[in-house]
Amino acid sequence: MRKLLVYTALITIVALTMGCALTNYPVITDDRGDFSGVIRTGHRAFVMPTSQIATLWSDGSDELVWLVFQNQYGDQKLYTKNNFDPTQSVIFVDQTYCDWRFETCVVVDAWNPANGPDDIFDYNFFTDCLGARSLSLLVSYGARNMECGDLFADKQGLAMEFSELATTTWRGGVAYVVPINAGTTSISFAAGDVIGELPIYGNITMFLTERLQAVVPITPNVRHELRWMQNFVAENGDVLTANLSWNSLSASVPVRVRPDGIAANLDRF
């Protein structure tokens, strides 16, 4: 459970400045009832995030969502779409009924075969799709999170990891106040033997509900982190390992950065 929490924190913090697309995901299997083996999804299944993340901008909020279609052999097509809310009221995708029929266009899709050679960061990018301007990061999941309808993750238990944090209210419920600053958080990126420490300027306050829905205000200081990332990628390449420490927790995850996405985000300040 702590590993899931750290992974959530890593993706959340990295997503402060970069929209994320899923390009690699483990084969979906099931062992319930009389069946045991690879699942054929039959349609695009909604990948349930450990935490729903919305970045709040001057013209609205973005929430990138992930979908996976898998055939009977375990081969997958992965899709990233954007849930954009121009009102800035942060209306998250409702996961109650596992609705996978998102009408918006695809920002990114990626072929992910079960066997054979595969580039975990290969993808197709559709620049005319809403949300494309925010895409800066490609993410490879080494372990399954969960798909909508599969309840092997205890979200309430996961939220209890934050029980010592201060709380506030969010739409009538409890929200945890998660401080992200140089005192609580360190993020580094490794490109081979080269390791760079991402500077964190000021304090970013993330709000996390008991349903693990995260709201992250984008402050002007973010441009400094973006500029650092832009220079690091220019010198060391775009395929990196991200390493996070948040208080006593730590995790690592492989990522690929889109320099054009960073530049687009810088233009928004």
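### Focus: the environment of Ala110
Next, step 1: Following the sequence through the fold, Ala110 ends up in strand β8 (residues 108–112).
Next, step 2: When the C-alpha atoms of Ala110 and Val68 are compared, they prove to be 9.6 Å apart, with 42 residues separating the residues in sequence.
Next, step 3: Ignoring anything within four residues of it in the chain, the contact list for Ala110 reads Leu22, Thr23, Gln76, Lys77, Leu78, Asp122 and Tyr123.

### Describing the state of the cysteines
Covalently bonding the sulfur atom of one cysteine to the sulfur atom of another cysteine gives a disulfide.
Next, step 1: Per the stated rule, a full pass over the model turns up 1 disulfide.
Next, step 2: Between Cys105 and Cys129 runs a disulfide, and the two sulfur atoms are separated by 2.0 Å. Its S-S torsion of about 105° marks the bond between Cys105 and Cys129 as right-handed, since a negative value means left-handed. Residue Cys105 is located in the loop between β7 (76–85) and β8, and its partner Cys129 is located in the loop between β9 (124–125) and β10 (135–140); the two are separated by 24 residues in the primary sequence.

### Re the packing of helix α3 (residues 222–236) against helix α4 (residues 259–266)
Next, step 1: Where α3 contacts α4, the axes come no closer than 10 Å and their chain directions differ by 155°. Taken together, the axis directions place α3 and α4 in an arrangement best described as roughly antiparallel. Where α3 crosses over α4, the handedness of that crossing is left-handed. In this structure, α3 contributes Arg223, Leu226, Arg227, Met229, Gln230 and Val233 to the contact, and α4 contributes Pro259, Ile262, Ala263, Asn265 and Leu266.
Next, step 2: Per-class residue counts for the contact of α3 with α4 are 7 nonpolar, 2 polar and 2 charged.

### Here's the deal with the side chain of Thr23
Next, step 1: Residue placement: Thr23 occurs in strand β1 (residues 19–24).
Next, step 2: With a relative accessible area of 0%, Thr23 lands in the buried category.

### Some remarks on the side chain of Glu225
Next, step 1: Mapped onto the elements of the fold, Glu225 is located in helix α3.
Next, step 2: Among the polar contacts listed, one links the side chain of Glu225 to the backbone nitrogen of Tyr201, at a separation of 3.1 Å.
Next, step 3: Those residues in contact with Glu225 that sit more than four places away from it in its chain are Leu198, Pro199, Ile200 and Tyr201.

The rules we used
- Residues numbered from 1 in each chain as written.
- Predicted model: local features only at pLDDT ≥ 70, side-chain atom pairs only at ≥ 80, totals over all residues.
- Heavy atoms only, no water.
- Helix = DSSP H or I, 4+ residues; strand = E, 2+ residues; numbered from the N terminus.
- Contact = heavy atoms within 4.5 Å.
- Disulfide = S-S within 2.5 Å.
- Axes fitted to C-alpha atoms, helices over the stretch in contact; angles between N-to-C directions.
- Parallel < 35°, antiparallel > 145°, perpendicular 65-115°, else oblique.
- Left-handed = near helix turned anticlockwise from the far one by under 90°.
- Nonpolar A, V, L, I, M, F, W, Y, C, P; charged D, E, K, R; others polar.
- Buried < 20%, exposed > 50% of the residue type's maximum accessible area, 1.4 Å probe, protein only.
- Polar contact = N/O pair within 3.5 Å; in protein donor to acceptor, adjacent residues only side chain to side chain.

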